[in-house]
Amino acid sequence: DSIFVNDCVGLTEKRSRDDLLVYPNPASKVIFIESLNVIKKVTMTDQFGKALLSKYPGTRNARLDVELEQGVYLLKIQLLKNGKTVFENRKLMIR
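What counts, and where the lines are drawn
Residues numbered from 1 in each chain as written. Predicted model: local features only at pLDDT ≥ 70, side-chain atom pairs only at ≥ 80, totals over all residues. Heavy atoms only, no water. Helix = DSSP H or I, 4+ residues; strand = E, 2+ residues; numbered from the N terminus. Buried < 20%, exposed > 50% of the residue type's maximum accessible area, 1.4 Å probe, protein only. Areas by Shrake-Rupley, 256 points an atom, 1.4 Å probe, with all protein chains shown as cover. Polar contact = N/O pair within 3.5 Å; in protein donor to acceptor, adjacent residues only side chain to side chain. Contact = heavy atoms within 4.5 Å. Core = buried A, V, L, I, M, F, W, Y, C linked by side-chain atoms within 4.5 Å. Pairing = 2+ DSSP bridges.

Peer 1: What am I meant to see in the overall build of the protein chain here?
Peer 2: Scanning the protein chain for helices and strands turns up zero helices and six strands. The N-to-C order of helical and strand elements in the protein chain reads β-β-β-β-β-β. Split into buried and exposed, the 95 residues of the protein chain put 29% on the buried side. Put simply, the protein chain shows about 7200 Å² of open surface, and 50% of that area lies on carbon and sulfur atoms.

Peer 1: Even after reading the chapter, I still don't get the environment of Glu88, so can you show me in this structure?
Peer 2: As for its position among the elements, Glu88 is in strand 6 (residues 84-94). Exposure remark for Glu88: the relative accessible area of 17% places this residue in the buried category. As a C-alpha pair, Glu88 and Ile77 span 11 residues in sequence and 5.1 Å in three-dimensional space. Of the polar contacts made by the side chain of Glu88, one reaches the side chain of Arg90; its length is 3.2 Å.

Peer 1: Is there a simple way to explain the environment of Gly58 in this structure?
Peer 2: With respect to the helices, strands and loops of the structure, Gly58 is situated in the loop between strand 3 (51-55) and strand 4 (59-65). In contact with Gly58, not counting residues within four places along its chain, are Val38, Ile39 and Lys40.

Peer 1: Sorry, what's going on with unusual backbone geometry here?
Peer 2: Negative phi values dominate among residues other than glycine, just as trans dominates among peptide bonds. Residue Pro24 is reached from Tyr23 by a cis peptide bond, and omega for that bond is -10°. Mapped onto the secondary structure, Pro24 falls in the loop between strand 1 (20-23) and strand 2 (30-45). A cis amide bond links Asn25 to the next residue, Pro26, at an omega of 15°. Within the secondary structure, Pro26 sits in the loop between strand 1 and strand 2. Located in the positive-phi region is Asn82, a residue other than glycine, with phi close to 50°. For Asn82, a relative accessible area of 72% corresponds to the exposed category.

Peer 1: Before we go on, may I ask you to explain the nonpolar core in this structure?
Peer 2: One broad trend across soluble globular proteins is that nonpolar side chains are buried collectively. Counting residues in each nonpolar core, the largest one holds 17 residues, and the members touching the most others are Ile31, Ile33, Leu75 and Ile77. Taken together, the elements giving at least two residues each to this core come down to strand 1, strand 2, strand 4, strand 5 (71-81) and strand 6. At five residues, strand 2 tops the list of elements feeding residues into this core. When near neighbours in sequence (up to four residues on either side) are disregarded, Ile77 contacts Leu20, Val22, Ile33, Ile39, Lys41, Val42, Val86, Phe87, Glu88 and Arg90.

Peer 1: Just checking my understanding: could you explain the pairing of strand 6 for this structure?
Peer 2: Within a regular strand, the side chains alternate between the two sheet faces. Here strand 5 pairs with strand 6 via 11 bridges, running antiparallel. If you follow Leu74 over to strand 6, its bridge partner there is Lys91. What sits between the antiparallel neighbours strand 5 and strand 6 is a turn of two residues, in which Asn82 has the positive phi angle 50°.

By themselves, these are just geometric observations and shouldn't be taken as functional.
Here's what the structure looks like:
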């Protein structure tokens with residue numbers, strides 16, 4: 001018995017999370033965000049959801065000064081992907 005597989009249609013490949021880079025992590029003074037898509041807005045919140053800073057880069061790269069107390073923070077990154085607004089979340093450790 002043999003099994004033959006032809007090209008599949010109707011499936012979309014899931015994009016890798018590597019199309020959005022946040023580094024260094026952990027950070028101490030500054031972080032960089034790079035994306036294949038336009039970064040519309042970046043919001044950093046503490047563990048309770050309180051917004052600590054917001055930035056509106058409008059480009060594919062962003063630099064944020066993050067001289068904050070040691071801890072874990074959440075980045076909510078708003079991107080423009082294929083004409084649609086999407087959100088990516090990243091945890092960031094400040095040391």
